[in-house]
Amino acid sequence: MKYANIREEEVKNKVGQDFFGDFDTTKILGNIDFCVTPKNKNPKQTKLFDDINLLWAEAKTGDYDVISMFAQLILTIGKARTFDKTLPPAFLGAFDGKKIAFIPYNAVLDIFSLNDFNWNVTSSNQNTKEFSIIRERVQKSLDKNDYLYDFLKDEKELKFFIKNNLAKATESGKILINKNNFVPIYLRWVEQVKPYIDFNWEDGKKQNILDNSFFLADLFVDDKGTPVIEDDTPISENLFVVFKNGHYEIAKENLKSLFNATIPFKDKKPYEQFWKKYKRPPLEEFQKYILERKDLLVPQDIRERKGAYFTPRIWVELSQKYIADVLGEDWQEEYYVWDCAAGTGNLLAGLTNKYHIFASTLDQSDVNAMHERIENGALLLHDYVFQFDFLNDEFLPKSKGGKLPDDLYNIIIDEEKRKKLVVYINPPYAEAASMETVSGKGKNKTDVAVTTNVYKKYQNKIGIGGRELFAQFFIRINKEILGSKLAEFSTLKILQAPNFSDFRNEFRAKLEKIFIVPANTFDNVKGKFPIGFFLWNSEKYENFEYIQADVYDSFGNFIEKKGISNNSNFKSINDWLITTRNRINEKNIAYISAKGNDFQNVNFVFIINDKNQLPHPRGSWVTDKNLTEISIYFAVRHCIEATWLNDRDQFLFPNDKWESDSDFQNDCLAFTLFSNNIQSQFGTNHWIPFTELEVNARSKFESNFMTDFIAGKVKIENQNVDLFSQQETLSEFETLKGLSTRLQFSEEAKLVFDAGRNLWKYYHTQEFPSFRGVDSNAVGRRGVYNVNASLYDIREHFQGRNEKGKMNNKSDDETYMRLIAELRSALKILAKKIEPKVYEYGFLKE
């Protein structure tokens with residue numbers, strides 16, 4: 001044995017030095033043990049060489065089983081989908097202290113496309129079904145290709161193999177196109193070149209001219225763009241499009257009349273930049289293979305129709321684990337499964353008992369796609385896959401003129417058998433006649449949702465929530481397949497949203513288990529909110545009240561547990577806000593926009609001068625009588641950062657403990673004073689938290705209401721004083737009797753005041769083209785002194801606006817940037833102090 005009695009890391013180092021010295025073996029790629037890439041002799045080509053992989057290998061110590069090493073490597077690659085992130089190598093390898101073996105990457109390429117394969121198994125566990133499948137494939141490849149070398153006995157042969165295989169992966173600094181990498185190259189081409197081709201893709205699709213036709217046209221030219229396939233050769237019959245004279249042309253005579261003679265680029269530069277990286281045409285020995293396997297070059301919408309991109313595989317696998325946790329490891333043998341919104345069936349990947357699986361979908365073309373998958377080995381039965389409109393069709397068996405397989409119908413009508421049925425779905429989220437799922441790709445279309453038979457049947461019971469299609473699926477399952485298990489993906493609306501309170505009262509089942517994940521892990525979802533997988537047991541007839549959900553990050557790592565409550569029996573924070581309205585002799589000092597009761601609407605909670613600034617105002621006036629409560633409302637809604645995880649959490653009507661906590665009230669006031677959107681151009685600014693003397697103002701403020709309020713000079717209890725009479729200013733209220741005491745602020749709030757005071761003082765030291773004092777024409781104008789400037793006005797002055805009228809994020813004034821940063825930092829500290837009270841006083845539930 002060449003490398004005996006040394007650790008694995010040392011084996012890798014020795015093999016790298018002794019046999020791969022002409023290459024770079026320092027690259028780290030996920031959990032792959034050993035990567036070989038070309039040595040980069042030209043620093044200008046760093047990005048190019050980052051893309052080139054020659055070998056990915058598994059390493060062990062001692063004398064290890066080669067087949068097992070390969071199986072572990074392939075499982076590692078498949079689980080991380082490394083081939084989606086970087087171009088795959090020419091070979092996979094496995095070595096230990098005695099030997100090394102190689103397999104051409106393309107020999108196992110199709111393994112990574114298997115639908116019914118669980119990539120989430122532990123790669124080192126040799127007892128899994130998946131490990132056995134890969135072992136068998138590896139064994140066949142090694143039997144066919146004798147690439148097994150002993151480090152001592154076969155040293156010369158090994159070095160010859162490396163020199164004549166790995167070393168030839170690049171030519172003239174370009175990546176060679178072969179059977180291993182043409183699919184990943186195509187996927188990059190779709191992103192980087194396709195958008196700049198001036199072609200009507202919808203018209204092309206009708207004639208079966210897809211983007212892969214253009215990609216193949218690009219492949220079969222040389223580096224100068226000259227075609228390398230003659231028009232009359234057999235291989236040319238596979239080309240619908242050719243590239244000639246710097247543009248594309250339709251190659252088929254019968255199609256030329258339907259399209260322009262030439263298909264140009266909108267911009268040719270992306271095309272030119274893209275093909276600088278790759279050597280064209282593909283190596284001759286791979287050309288026929290690539291053309292024959294152009295079915296692998298599938299655009300996004302077609303890939304979706306094949307069921308590859310709806311419910312992400314990582315969550316499919318995790319959901320099946322959760323089902324097993326609740327129903328038992330042998331659940332697939334004991335239970336039946338029906339996906340009644342199956343699409344093309346990717347949610348069923350990983351299930352193994354095809355005699356217990358039913359799949360239905362609205363679209364017959366999706367049924368056809370599943371039947372095609374069955375012909376290619378999918379673990380489904382042809383007769384158990386059928387077209388069915390779940391929201392309109394009746395539960396009738398085929399033997400009686402219906403659509404349900406008789407076996408499924410017999411389960412549905414039998415009370416005991418129903419208890420062994422798992423309805424397993426990621427239902428349509430928005431549109432009744434499409435494959436748009438909970439991943440949020442479609443918009444809610446009420447005019448579609450309210451036309452279904454299920455909606456008409458249950459609308460009076462489930463209320464406005466019933467206008468959403470997924471809720472219609474759930475209520476029919478709950479009412480008409482009573483006793484079954486419902487395993488479903490959806491948002492958390494059914495647990496928390498006010499619009500679903502009627503639905504929750506009608507939908508009776510025990511929520512056995514739930515996990516939640518970021519919505520943007522689903523295809524084409526950009527929103528930051530949670531999507532959950534729920535396992536309901538309708539055999540247990542109860543209302544949902546509370547559960548601890550498991551939370552996972554985008555990579556499938558467990559983060560924490562999160563409590564989720566049914567808040568239907570609690571009033572909302574906006575109900576509390578309403579109680580602050582219409583107090584005697586109140587005077588308006590601002591308006592608070594207050595949309596929704598949850599974190600997803602936090603950006604719609606802001607304080608401005610007047611409701612007329614909003615096209616559709618929803619909120620309350622801020623007055624001299626409710627300023628304390630409004631400040632609490634505002635601070636509570638903003639002091640905790642909105643995240644994908646808390647996005648649907650509901651703010652509630654508080655308990656009365658806050659009323660005796662002056663520290664909390666004043667902290668909230670301080671937070672609000674330095675976080676509002678008051679602008680003096682829209683009216684009198686009553687929100688300046690300092691006196692003229694404190695900030696060295698150059699003339700008198702139009703209003704001193706806020707400093708009088710803080711000083712206790714405003715008698716809130718006196719309902720007969722006109723605080724805004726033109727005959728007296730607010731500062732004169734110090735002559736009143738029975739005044740409030742001066743507000744006392746915490747150390748954290750004082751830090752905010754100090755930082756704010758420095759910012760205001762700095763503004764009032766600025767040089768302006770002309771000084772106009774309290775000239776109303778100057779209000780809000782950048783570059784002109786505004787004695788009544790609000791925090792928003794000060795930010796606008798220093799930061800300015802771009803061509804579109806949006807305020808810039810930064811200023812070139814370094815002092816201002818330091819001062820605003822100090823204020824924001826102090827506000828964050830104050831927010832952290834307020835946060836525990838938000839839960840203590842019941843504004844949010846833990």
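Basis of the calculations
- Residues numbered from 1 in each chain as written.
- Predicted model: local features only at pLDDT ≥ 70, side-chain atom pairs only at ≥ 80, totals over all residues.
- Heavy atoms only, no water.
- Helix = DSSP H or I, 4+ residues; strand = E, 2+ residues; numbered from the N terminus.
- Buried < 20%, exposed > 50% of the residue type's maximum accessible area, 1.4 Å probe, protein only.
- Contact = heavy atoms within 4.5 Å.
- Areas by Shrake-Rupley, 256 points an atom, 1.4 Å probe, with all protein chains shown as cover.
- 1 Å grid on protein atoms, 1.4 Å probe; cavity = no way out; pocket = protein on both sides within 12 Å on 5 of 7 lines; lining within 4 Å.
- Points joined across faces, edges and corners; volume = space filled by probe spheres on them.
- Nonpolar A, V, L, I, M, F, W, Y, C, P; charged D, E, K, R; others polar.
- Core = buried A, V, L, I, M, F, W, Y, C linked by side-chain atoms within 4.5 Å.
- Pairing = 2+ DSSP bridges.
- Salt bridge = Lys/Arg side-chain N within 4 Å of Asp/Glu carboxyl O.
- Expected span 1.5 Å × (residues − 1).
- Arc of directions from axis to C-beta.
- Axes fitted to C-alpha atoms, helices over the stretch in contact; angles between N-to-C directions.
- Left-handed = near helix turned anticlockwise from the far one by under 90°.
- Parallel < 35°, antiparallel > 145°, perpendicular 65-115°, else oblique.

Enquirer: I tried to follow the overall build of the chain on my own but got confused; where do I start?
Expert: For the chain, the count of helices and strands is 31 helices and 23 strands. For the chain, the residues scored as buried account for 53% of the 846 residues in total. Residue pairs at least 24 apart in sequence account for 67% of intrachain contacts in the chain once pairs closer than 6 positions are excluded. Counting only carbon and sulfur atoms, one obtains 46% of the accessible surface of the chain, whose full area is about 39,200 Å².

Enquirer: So what exactly am I meant to see when it comes to empty space enclosed by the protein here?
Expert: Gaps between atoms show up when a probe of the same size as a water molecule is rolled over them. Summed over the entire model, instances satisfying the criterion amount to seven cavities of 30 Å³ or more. The computed volume of the largest cavity comes to approximately 90 Å³. If you go around the largest cavity, the residues you meet are Gln496, Gly563, Ile564, Ser565, Asn567, Asp649, Gln650, Leu844, Lys845 and Glu846. The leading source of residues in the lining of the largest cavity is strand β20 (residues 558-565), at three residues. Looking at the lining of the largest cavity, its residues break down into two nonpolar, five polar and three charged.

Enquirer: Any chance you could explain the nonpolar core here in plain terms?
Expert: The nonpolar side chains of a soluble globular protein tend to be buried, and buried together. Formed by 71 residues in total, the largest nonpolar core has its most connected members in Leu627, Phe664, Phe674, Trp687, Leu823, Ile834 and Phe843. With ten residues, the single largest contributor to this core is helix α31 (residues 814-840). Core analysis: the second largest hydrophobic core is formed by 58 residues, Phe91, Trp189, Ala217 and Ile263 among them.

Enquirer: I keep staring at the pairing of strand β3 (residues 55-59) and nothing clicks. Help me out?
Expert: Most of β3 sits inside the fold, with five of its five residues counted as buried. Residues of β3 alternate between two faces, with Leu55, Ala57 and Ala59 on one and Trp56 and Glu58 on the opposite face, all of them buried. In the sheet, strand β2 (residues 34-38) pairs with β3 via three bridges, with the strands oriented antiparallel. Note on β3: the bridge partner recorded for Phe34 is Ala57.

Enquirer: How should the pattern of salt bridges be read in this particular structure?
Expert: Between side chains of opposite charge, a pair can form as their charged atoms come close. By the definition in use, this model includes 36 salt bridges. A salt bridge links Lys60 to Glu58; the shortest N-O distance between them is 3.6 Å. You'll find Lys60 and Glu58 in the same group, each marked buried. The network of salt bridges with common partners includes Glu416, Lys419, Lys485 and Glu539.

Enquirer: Mind showing me how you'd approach helix α1 (residues 8-19) here?
Expert: Owing to its 3.6 residues per turn, the α-helix aligns residues three or four sequence positions apart on the same side. Taking 1.5 Å per residue as the helical rise, α1 with its twelve residues ought to reach 16 Å, and the 16 Å between its terminal C-alpha atoms agrees with that figure. Every buried residue of α1 is accounted for by Val11, Lys12, Val15, Gly16 and Phe19. Down the axis of α1, the sector holding all buried residues measures 130 degrees, keeping them to one side. Among the structural elements, β2, β3, β4 (91-95) and α6 (155-165) are those in contact with the buried residues of α1.

Enquirer: Would you take a moment to explain the sheet that holds strand β22 (residues 605-608) for this structure?
Expert: Across a sheet, strands are paired by hydrogen bonds formed along the backbone, either parallel or antiparallel in direction. Taken in spatial order, the three strands make up an open sheet running β22-β21-β23, and their pairing is antiparallel. At either margin of the open sheet sits one strand with a lone partner, and together these are β22 and β23 (619-623). The average angle at which neighbouring strand axes cross in this sheet is 25 degrees, direction not considered. Pairing geometry for strand β21 (residues 588-594) and β22, over four bridges, is antiparallel. The residue bridging Ala594 from the neighbouring strand is Val605, located in β22.

Enquirer: Would you take a moment to explain the side chain of Asp667 for this structure?
Expert: For Asp667, the position within the fold is in helix α26 (residues 662-673). For Asp667, a relative accessible area of 2% translates into the label buried. Beyond its immediate sequence surroundings of up to four residues, Asp667 is in contact with Ser746, Ala749, Leu830, Lys833 and Ile834.

Enquirer: Even after reading the chapter, I still don't get the layout of surface pockets, so can you show me in this structure?
Expert: Roughly 900 Å³ of internal volume is contained in the second largest pocket. Around the second largest pocket, the lining comprises 25 residues; the ones closest to its centre are His638, Phe671, Ser675, Arg824 and Leu827. Elements supplying a minimum of two residues to the lining of the second largest pocket: β22, α25 (627-638), α30 (791-799) and α31. It is α31 that contributes the most residues to the lining of the second largest pocket, eight residues altogether. Here the residues of the lining of the second largest pocket sort into 14 nonpolar, five polar and six charged.

Enquirer: What is the right way to look at the sheet that holds strand β17 (residues 510-518) in this model?
Expert: Spatially, nine strands are ordered β14-β13-β12-β15-β16-β18-β17-β19-β20 in an open sheet, and the strand pairing comes out mixed. Whereas interior strands pair on both sides, the edge strands pair on one side only; in this sheet they are β14 (385-387) and β20. Averaged over all pairs of adjacent strands, the angle between their axes in this sheet comes to 20 degrees, without regard to strand direction. In the sheet, β17 pairs with strand β19 (residues 546-552) via two bridges, with the strands oriented parallel. Residue pairing for β19: Phe515 is matched across the bridge by Asp550. On top of the sheet, helix α14 (residues 313-327) reaches β15 (421-425), β16 (485-491), β17, β18 (530-537) and β19; it is set at about 160 degrees to β17, its chief contact. In this fold helix α21 (residues 469-480) packs onto β15 and β16, with an angle of close to 165 degrees to the strand it touches most, β16.

Enquirer: For this particular structure, what's the right way to read α21?
Expert: For α21, spanning twelve residues, the distance from its first C-alpha to its last is 16 Å, which sits close to the expected 16 Å at 1.5 Å a residue. For α21, the buried fraction is high: ten of the twelve residues fall into the buried class. Along α21, the positions that sit buried rather than exposed are Leu469, Phe470, Ala471, Gln472, Phe473, Phe474, Ile475, Arg476, Ile477 and Asn478.

Enquirer: How should the packing of α30 against α31 be read in this particular structure?
Expert: For any two helices packed against each other, one specifies the inter-axial angle together with the distance between the axes. Running from N to C, α30 and α31 cross one another at 145 degrees; their axes reach a closest spacing of 11 Å. Crossing hand, α30 versus α31: left-handed. For the pair α30 and α31, contact is made by Leu791, Arg795, Phe798 and Gln799 and by Tyr816, Ile820, Leu823 and Arg824, respectively.

Enquirer: I would appreciate a short explanation of the packing of helix α7 (residues 182-192) against helix α9 (residues 211-219) in the present structure.
Expert: At a minimum axis distance of 11 Å, the contact between α7 and α9 shows a crossing angle of 110 degrees. Judged by the inter-axis angle, α7 sits roughly perpendicular to α9. Note on packing geometry: the crossing formed by α7 with α9 is right-handed. Only Asp211, Asn212, Phe214, Phe215 and Asp218 of α9 make contact with α7, whose side of the interface consists of Phe182, Ile185, Tyr186, Trp189 and Val190. A class-by-class count of the residues in the contact of α7 with α9 yields seven nonpolar, one polar and two charged.

Enquirer: Whenever I open this one, unusual backbone geometry confuses me. Can you help?
Expert: It is generally the case that most residues other than glycine have a negative phi and that most peptide bonds are trans. With an omega of -5 degrees, the peptide bond between Arg280 and Pro281 qualifies as cis. Considering the arrangement of structural elements, one finds Pro281 in the loop between β11 (278-279) and α12 (284-292). For Asn5, which is not a glycine, the phi torsion comes out positive at approximately 60 degrees. Tracing the backbone shows Asn5 in the segment before α1. Overall, Asn5 belongs to the exposed group, its relative accessible area being 84%. Backbone geometry at Asn245 places phi at a positive 50 degrees, although glycine is not the residue there.

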